[in-house]
Amino acid sequence: MKRTLLTLFAALAVLPALADEGMWLPSLISERIDDMRSKGFRLTAEDIYSINQASMKDAVVLFDGGCTGELVSPEGLLLTNHHCGYDAIQRHSTVEHDYLTHGFWAMSRAEELPNEGLNVRFLMRMEEVTDRLKAGETAEEIVRRAEAEGKGFRASVEQMYYGNQQFLFVYRQFDDVRLVAAPPSSIGKFGGDTDNWMWPRHTGDFSVFRIYASKDNEPAAYSPDNVPYRPGKFFTVSAGGVGEGDFTMIYGFPGNTQEYILSDAVRYIAERSDPAKIAIRTGRLDLIREAQQSDPELRIHYAAKQATIANAWKKWQGEALGIGRRGTAETKRAYEEAFEAWAQDKPAYRDVVKRLREEYARIADPYFAREITAETIYALPAKYTAEERAEAVFARREATERAQWKYLFGEYARRCPVQYQTPAFLRGVASEGSPEAYAERVFDGVWSGRDTTAVTALRDDSRRMLSHITWLLGTKSLRNLTSSRLNELYTLYIRGLREWDRERAFYPDANLTLRVAYGTVEGYSPVDAVYYEPFSTIDGIMEKDNPDIYDYNIPQRLRDLYRTKEYGRWNVDGSVPVCFLATNHTTGGNSGSPVLNGRGQLVGINFDRTWESTMSDYEFDVVKCRNIIVDIRYVLFVIDRIGNAGYLLDEMRFAK
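Reading the values: rules and limits
Residues numbered from 1 in each chain as written. Predicted model: local features only at pLDDT ≥ 70, side-chain atom pairs only at ≥ 80, totals over all residues. Heavy atoms only, no water. Helix = DSSP H or I, 4+ residues; strand = E, 2+ residues; numbered from the N terminus. Rg over C-alpha atoms; globule rule 2.2 N^0.38 Å. Buried < 20%, exposed > 50% of the residue type's maximum accessible area, 1.4 Å probe, protein only. Contact = heavy atoms within 4.5 Å. Areas by Shrake-Rupley, 256 points an atom, 1.4 Å probe, with all protein chains shown as cover. Lys, Arg positive; Asp, Glu negative; His and termini not counted. Charge placed at Lys NZ, Arg CZ, Asp CG, Glu CD. Pairing = 2+ DSSP bridges. Disulfide = S-S within 2.5 Å. Axes fitted to C-alpha atoms, helices over the stretch in contact; angles between N-to-C directions. Parallel < 35°, antiparallel > 145°, perpendicular 65-115°, else oblique. Left-handed = near helix turned anticlockwise from the far one by under 90°. Nonpolar A, V, L, I, M, F, W, Y, C, P; charged D, E, K, R; others polar. Salt bridge = Lys/Arg side-chain N within 4 Å of Asp/Glu carboxyl O. Phe/Tyr/Trp six-rings, centres within 6.5 Å; stacked < 30°, edge-to-face > 60°. 1 Å grid on protein atoms, 1.4 Å probe; cavity = no way out; pocket = protein on both sides within 12 Å on 5 of 7 lines; lining within 4 Å. Points joined across faces, edges and corners; volume = space filled by probe spheres on them.

1. A look at the overall build of the protein chain
Of the regular secondary structure elements, the protein chain holds 24 helices and 18 strands. Here the C-alpha atoms of the protein chain give a radius of gyration of 25 Å, agreeing with the 26 Å that 2.2 N^0.38 yields for 656 residues. By the burial criterion, 59% of the 656 residues in the protein chain qualify as buried. Look at the contacts in the protein chain between residues 6 or more apart in sequence, and 77% of them connect residues 24 or more apart. With an accessible surface of roughly 26,400 Å², the protein chain has 50% of that area assigned to carbon and sulfur atoms. Mean positive and mean negative side-chain charge positions of the protein chain (82 and 94 charges, respectively) differ by 3 Å.

What follows is the structure in structure tokens.
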């Protein structure tokens, strides 16, 4: 009896969606609107999402398939994060025109730069199709009908609550998206890896694009004849700022959360998966950093790759630490035990947790092998293309590329469970004497392009092994530790949780579909005796400024403005606001999301979480989880005073 009570008391810690936790479907936001209004929201559910009139959803886009952006003018002007536009900025950069270092500012429409392959999607509507699927209609049929409704329409059917509900999402895709402006990396990426995921933050993480359309405002491939897109809705900008305790709303496309997974999965993440991936990426980053410090062209070449590798690398570190600090696995285990106690006299649910644990034990090794293969063998190129070989920097890359091949072959040999290592790899190591010697042979053939038989055999064998692992897991949807059997069991488990835990405000896990999250501006205490204020200013930039460190070497123009205090209309008490914290529940994909005040006006651009918050994909800690936002006033200050592109502000509408 004593153990049962302790288990139930422990479970109480995770029952409700407390405070500002949650990522809510916009079509169902009316269920949350009273709570939103109690916290300072002043509009209606119809203002957030409507299919009958222009609403906020029509000013939000899925940017480049993995970020969010927002429209801020009637002429298709779009804001997102610098790190979301980073690939586009890098592709336009050369040593002669180093837009990464110096920034890019188009001074006319003619100077805006097209970006092949970059697109944005607007959500047209979402609707539940659970009953249609149960009636025998297939997801493919539903998608096909939806995409036939209009030009540029794209659609998908997505699961919610592990398949207990299914929703159709219909989008309209625009493929002519042009780069308008980007601050220097020393603003847009200020602090680099050191400051990433940290607070206090002073990063001007924004970039500016414009959507173009045909003359009749329809989606169209790039053409000089295209004109700026005329949106049905764009956000009014608030230059009045926010204060501590003010309402904030995030409207964006969060990518992936797993709030309802078992404690077994949490332990796998924190104790096995994250530590291994962190260690592998640490070695890769060391090799890339050495190359970047040795050669300016190599610095540019590896910039996007370095940023991509480092982002998840640092996130995983905070994630594992946060899970341990919070005791997430233990809390979830207590919750599961409480559910099992309730389910003992309910045959449908009595054994579901036990069966979930058995399935996790079965799939852990093959899934781990898949992760290690992705971090090692599949992190290496199958070939070096003709375009790469034509680059002036190609020859100077050889030492770094060779070192990465040797390092990653060694990590694969040491970390991948041997029963899942490919026969071609095992034969190669046996023949050459070591993973590193085998890597030398494979690399020589790939680098020269003269002999690709070894890499072809290795990758073909790897594909066969990964196909075998996919067969073992029974699903091609392998973003998370999962299997087809797990998905079936979770459908039952979540149904049981919602039947048992009626006090909990359940929300569907993020899956890169449009969501609303809301909260307030608020600081936090990361450790005992330390409290972080929720605002940073330009004064903090100057405290970090260091001309000898690339990530902290700010533009001279910013130093000059700080010295003279010529901030113009962006002056707030002798300084300029830079970033602020809020309690919104966010994750990857929310990068670039509009941050709105209670009147639906743009006050910032979401770009990060604090390090203590990275575990919020598995459990949201209302005390410590905070998202990091670049203040819209700093964005406007940089455009106006650093880029001298104040004409862009003339397109925007400001709140009175």
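2. Brief notes about the pairing of strand E10 (residues 207-213)
Of all the seven residues making up E10, seven are buried; the element is thus mostly covered by neighbouring parts of the structure. Burial along E10 is two-sided: the face carrying Ser207, Phe209, Ile211 and Ala213 and the face carrying Val208, Arg210 and Tyr212 are both buried. Bridge analysis of strand E9 (residues 176-182) against E10 gives five bridges, and the strand direction is antiparallel. Pairing of Val177 across the sheet is with Ile211, part of E10. The pairing of E10 with strand E11 (residues 227-228) spans two bridges and is classified as antiparallel. Across the sheet, the residue bridging to Ala213 is Val227, located in E11.

3. Comments concerning the state of the cysteines
Taken as a whole and judged by the stated rule, the model has one disulfide. Linked covalently through their sulfurs, Cys67 and Cys84 form a disulfide whose S-S length is 2.2 Å. Sign of the S-S torsion, about -85° for the bond between Cys67 and Cys84, identifies this disulfide as left-handed. In this pair, Cys67 sits in strand E2 (residues 67-71) while Cys84 sits in the loop between strand E3 (77-80) and helix H4 (86-91), placing the two residues 17 residues apart along the sequence. Like Cys84, Cys67 is buried. With no disulfide of its own, Cys579 lies closest to Cys84 among cysteine sulfurs, the gap being 15 Å.

4. Observations regarding the packing of helix H14 (residues 352-375) against helix H20 (residues 484-500)
At a closest axis distance of 10 Å, the pairing of H14 and H20 adopts a crossing angle of 160°. By the angle between their axes, H14 is roughly antiparallel relative to H20. As for the relative orientation of H14 and H20, their crossing is left-handed in sense. On the side of H14, the interface is formed by Val352, Val353, Arg355, Leu356, Glu359, Tyr360 and Ile363, while H20 contributes Arg485, Leu486, Leu489, Tyr490, Leu492 and Tyr493. The class makeup of the residues in the contact of H14 with H20 is ten nonpolar, no polar and three charged.

5. Observations regarding unusual backbone geometry
Note the cis peptide between Trp199 and Pro200, where omega equals 5°. Positive phi, close to 55°, is recorded for Asp64, a residue that is not glycine. Here Asp64 shows up in the loop between strand E1 (60-63) and E2. Owing to a relative accessible area of 37%, Asp64 belongs among the partly exposed residues under this scheme. Phi angles above zero are rare outside glycine, and Trp197 is one such case at about 70°. Along the chain, Trp197 turns up in the loop between helix H9 (192-195) and E10. A relative accessible area of 7% places Trp197 in the buried class.

6. Side note on the environment of Thr453
Relative to the helices and strands, Thr453 resides in helix H19 (residues 453-473). Separated by eleven residues in the primary sequence, Thr453 and Val442 have C-alpha atoms spaced 8.5 Å apart.

7. Observations concerning the sheet that holds strand E17 (residues 602-609)
Two strands in a sheet stick together by hydrogen bonds in their backbones, pointing the same way (parallel) or opposite ways (antiparallel). One open sheet holds the seven strands; their spatial order is E13-E12-E16-E17-E18-E15-E14, and the pairing between them is antiparallel. Two strands in the sheet have a free side with no partner beyond their single neighbour: strand E13 (515-520) and strand E14 (535-537). Within the sheet, the average angular offset between the axes of one strand and its neighbour, ignoring direction, is 30°. Across the sheet, helix H23 (residues 632-642) is in contact with strand E15 (577-582), E17 and strand E18 (627-631); its angle to E18 comes to roughly 40°.

8. Considering the pattern of salt bridges
Applying the stated criterion to the full structure yields 54 salt bridges. Between Arg333 and Glu337 there is a salt bridge, with the nearest N and O atoms lying 3.7 Å from each other. Of the two residues, Arg333 and Glu337 both sit in helix H13 (residues 328-343), four residues apart, roughly one turn of that helix. The closest approach of N and O atoms between Asp461 and Arg464, which form a salt bridge, is 3.0 Å. Of this pair, Asp461 and Arg464 are both found in helix H19, three residues apart, which corresponds to roughly one turn of the helix. In this structure Arg464 comes out as exposed when scored by relative accessible area, which is 53%. Put simply, Arg125, Glu127, Arg132, Glu137, Arg145 and Glu149 are held in one network by salt bridges that share partners.

9. Overview of the pairing of strand E12 (residues 247-252)
Taking burial as the measure, the six residues of E12 include six buried ones, the bulk of the element. Going residue by residue along E12, you find Phe247, Met249 and Tyr251 tucked away on one face and Thr248, Ile250 and Gly252 tucked away on the opposite face as well. Pairing geometry for E12 and E13, over six bridges, is antiparallel. Looking at E13, one finds that Ile250 is bridged to Ala517. With two bridges joining them, E12 and strand E16 (residues 594-596) adopt antiparallel strand pairing. Along E16, the bridge assignment pairs Ile250 with Val595.

10. Topic: the packing of aromatic side chains
Under the defined criterion, the tally for this structure stands at 37 aromatic pairs. Both rings, one in Phe339 and one in Trp342, keep their centres 5.6 Å apart while their planes meet at 35°; by these two values the pair is tilted. Residue Phe339 and its partner Trp342 are both found in helix H13; the two are separated by three residues, about one turn of the helix. Given a relative accessible area of 0%, Phe339 falls into the buried group. A ring pair is formed by Tyr634 and Phe637, whose centres lie 6.1 Å apart and whose planes are at 20°; its orientation type is stacked. Here Tyr634 pairs with Phe637, and both are found in helix H23, just three residues apart, close to one helical turn. In this structure Phe637 comes out as buried when scored by relative accessible area, which is 0%.

11. Overview of the layout of surface pockets
For the second largest pocket, the calculated volume is near 720 Å³. Looking at the second largest pocket, it is lined by 29 residues, and the ones nearest its centre are Gln159, Tyr162, Ser477, Asn480 and Asn487. Contributing elements (two or more residues each) for the lining of the second largest pocket: strand E7 (153-160) and H20. Residues that form the lining of the second largest pocket fall into these classes: twelve nonpolar, 13 polar and four charged.

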